[in-house]
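# Survey of secondary and tertiary structure
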Amino acid sequence: MACSSAAGPSGAADAAEPRTVSPVEGCGEGSWTDPALLARDRAPARCDPGAPAAERLDGTRKLTVATGTLNAEYVAPLRVALDKGEFAKEGLDVTLKVLPTPDALPLLAKGDLDALWAAPEAAVMNGVKGGFDIRWVAGNFSPDPASKSGLWVRTGDGGSTERVEMAGRRLGTMIGKGSVIAYPMQRALGEHGGGLDRIQYQQLGSADVLTALENGGVDSAWLLDPVWRKVDGRQGYTFLGGQPMGEPLGGLLYGPDLLSGDTDAGVALIRAYIRTVNTYFAADYKDDPEFVGYLSKLLEQDAAVLRSTPSLRMDWEIRAGTTDRLQSAYEAQGVAEGSPLPESRTVNRALYEEAVGHQR
């Protein structure tokens, strides 16, 4: 056995006391990858199906997890865990509550919410700087290499697809400034003569982004699944880049209740999530028509729409330096408050490491 200390190279833990970490059956060498590994082809960590096994808590803990939506594909592991009873196996009575991140943050910091399924957006970073005891504790997904969800630009008939001058262009987005997409946009714009401080932002409704791009209302747009399929392969449109391969940009955020008040419940919630990924989302889950049909009903999405885009690569781990890169992008957008936070103030990997038995 080994102990997970309250601070360490993983940027980890805010537990009041060191916690004992034991090996976990079914979670071998592949159940953890070095956070410093940023290779695009990094295989996500995996345990055997059904692992890590549940470790039921004494009594039942009622937990509320906020999420911006219940119907997006990236929320599927939580929906499946709830529907298949994976949380209940741990002694958790979990309620998923739809709530925008800005509204959820103060509630999470006060303990009125237990967890948030979202991303370390600028509002989160600024909240931590303001005193909120919140950490990013588990990742969600990275894109399949075949995905083209991301930044698209109109090149016009005969326009170059190798080099698109982006400085001064109008960008249509439903998310606006301060979102984690600022980081991949910064990379893509930088390769095409632009920058987050050299473009014009136009926030639009989800139904209006594609229309504005097609009719020339904006020059470029961040297109999500499955909207990018509408322009993929069409002359006059070029994909500049999306979320980095192998690097989740969101997932579970914990407040003080699960970080240090009831860390057992915090580990149990992550353990159930990891078990769900290993059991139902370990590989290309859209290869299974029966599972796609199940997901379509659970998420209230058309099965054909789900099948039109590649499977997400569900990934509970957090890469080293991601919050540094995010904060750099927020600063470039002018939405960061104060000095950048070190990773020790933004990330806690100790809980998912404990869930899979990784001993440091």
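Placed above this text is the structure.
Predicted, not measured: the structure shown is a model, and the values here were computed from it.

On to the nonpolar core, then. In this structure, Val65, Leu92, Leu252, Tyr254, Leu269, Ile270 and Phe281 are the most contacted members of the largest nonpolar core, which totals 93 residues. Considering each element in turn, this core owes the most residues, 9 residues, to helix α8 (residues 263-280). With residues near it in sequence (within four places) discarded, Leu92 still touches Leu57, Arg61, Leu63, Phe87, Ala265, Ala268 and Leu269. Among the nonpolar cores identified, the runner-up in size contains 12 residues, and Trp152, Val209, Ala221 and Val231 belong to it.

Two side chains with opposite charge may pair up if their charged atoms get near one another. Evaluation of the coordinates by the stated rule reveals 21 salt bridges. Arg19 is the salt-bridge partner of Glu354, the closest N and O atoms lying 2.8 Å from each other. Residue Glu354 is located in helix α12 (residues 350-356), and its partner Arg19 is located in strand β2 (residues 19-21); the two are separated by 335 residues in the primary sequence. Grouping residues by exposure puts Glu354 and Arg19 together as buried. The structure contains a network of salt bridges with shared partners spanning Glu86, Lys89, Glu90, Arg271 and Arg275.

In this section: the sheet that holds strand β9 (residues 170-173). Taken in spatial order, the 5 strands line up as β10-β9-β11-β8-β12 in an open sheet, and their pairing is mixed. Taken across any chain shown, the strands that pair with only one partner, and hence form the sheet edges, are β10 (200-203) and β12 (237-242). Pairwise comparison of adjacent strand axes, ignoring direction, gives a mean angle of 25 degrees for this sheet. Summarising the sheet, β9 and strand β11 (residues 220-223) pair through 2 bridges and their orientation is parallel. The partner of Leu171 across the bridge, within β11, is Ser220.

Looking at where Glu86 falls in the secondary structure, it is placed in helix α2 (residues 86-89). A distance of 3.2 Å separates the side chain of Glu86 from the side chain of Lys89, its partner in a polar contact. Reaching out from Glu86, the side chain makes a polar contact with the side chain of Arg275 at a distance of 2.7 Å. Contact partners of Glu86, with chain neighbours within four places excluded, come to Ala81, Ala272, Arg275, Thr276 and Tyr280.

Time to look at the packing of aromatic side chains. Taken as a whole and judged by the stated rule, the model has 8 aromatic pairs. On the numbers, 6.2 Å between centres and 10 degrees between planes, the contact of Tyr280 with Phe291 is stacked. Note that Tyr280 is positioned in helix α8 and Phe291 in helix α9 (residues 289-299), a separation of 11 residues in sequence. The exposure class assigned to Tyr280 is partly exposed, which follows from its relative accessible area of 23%.

On to the state of the cysteines. Applying the stated criterion to the full structure yields 1 disulfide. Covalently, Cys27 is tied to Cys47 through a disulfide, its sulfur atoms 2.2 Å apart. Between Cys27 and Cys47 the disulfide shows an S-S torsion of about 105 degrees. By sign, it is right-handed. Taken as a pair, Cys27 in the loop between β2 and β3 (61-67) and Cys47 in the loop between β2 and β3 lie far apart in primary sequence, 20 residues in all. The class of Cys27 is buried, set by a relative accessible area of 9%.

This next bit is on the sheet that holds strand β6 (residues 135-139). Across the sheet, which stays open at both edges, the 5 strands sit in the order β4-β3-β5-β13-β6 with mixed pairing between neighbours. The open sheet has two free edges, formed respectively by β4 (92-98) and β6, since each of these has just one partner strand. Averaged over all pairs of adjacent strands, the angle between their axes in this sheet comes to 30 degrees, without regard to strand direction. Two elements, strand β5 (residues 115-118) and strand β13 (residues 251-254), share 4 bridges in a ladder whose sense is antiparallel. When the bridges of β13 are listed, Leu116 appears paired with Leu253. Those strands touched by helix α3 (residues 101-110) are β3, β5 and β13, and its axis lies near 155 degrees from that of β5.

Relative to the elements of secondary structure, Gly178 occurs in the loop between β9 and α5 (182-190). Look at Gly178 and you get buried, because its relative accessible area is 9%. Dropping the residues within four chain positions of it, Gly178 is found in contact with Glu121, Ala122, Tyr330, Gln333 and Val335.

Position of Asp133 relative to the elements: it lies in the loop between α4 (122-129) and β6. Taking the C-alpha atoms as reference, Asp133 lies 32 Å from Thr279; in sequence the two are 146 residues apart. Residues within four places of Asp133 in sequence aside, it is in contact with Tyr254, Gly255, Pro256 and Leu259. One polar contact links Asp133 to Arg135, side chain to side chain, over a distance of 3.5 Å.

The rules behind the values
Residues numbered from 1 in each chain as written. Predicted model: local features only at pLDDT ≥ 70, side-chain atom pairs only at ≥ 80, totals over all residues. Heavy atoms only, no water. Core = buried A, V, L, I, M, F, W, Y, C linked by side-chain atoms within 4.5 Å. Buried < 20%, exposed > 50% of the residue type's maximum accessible area, 1.4 Å probe, protein only. Helix = DSSP H or I, 4+ residues; strand = E, 2+ residues; numbered from the N terminus. Contact = heavy atoms within 4.5 Å. Salt bridge = Lys/Arg side-chain N within 4 Å of Asp/Glu carboxyl O. Pairing = 2+ DSSP bridges. Axes fitted to C-alpha atoms, helices over the stretch in contact; angles between N-to-C directions. Polar contact = N/O pair within 3.5 Å; in protein donor to acceptor, adjacent residues only side chain to side chain. Phe/Tyr/Trp six-rings, centres within 6.5 Å; stacked < 30°, edge-to-face > 60°. Disulfide = S-S within 2.5 Å.

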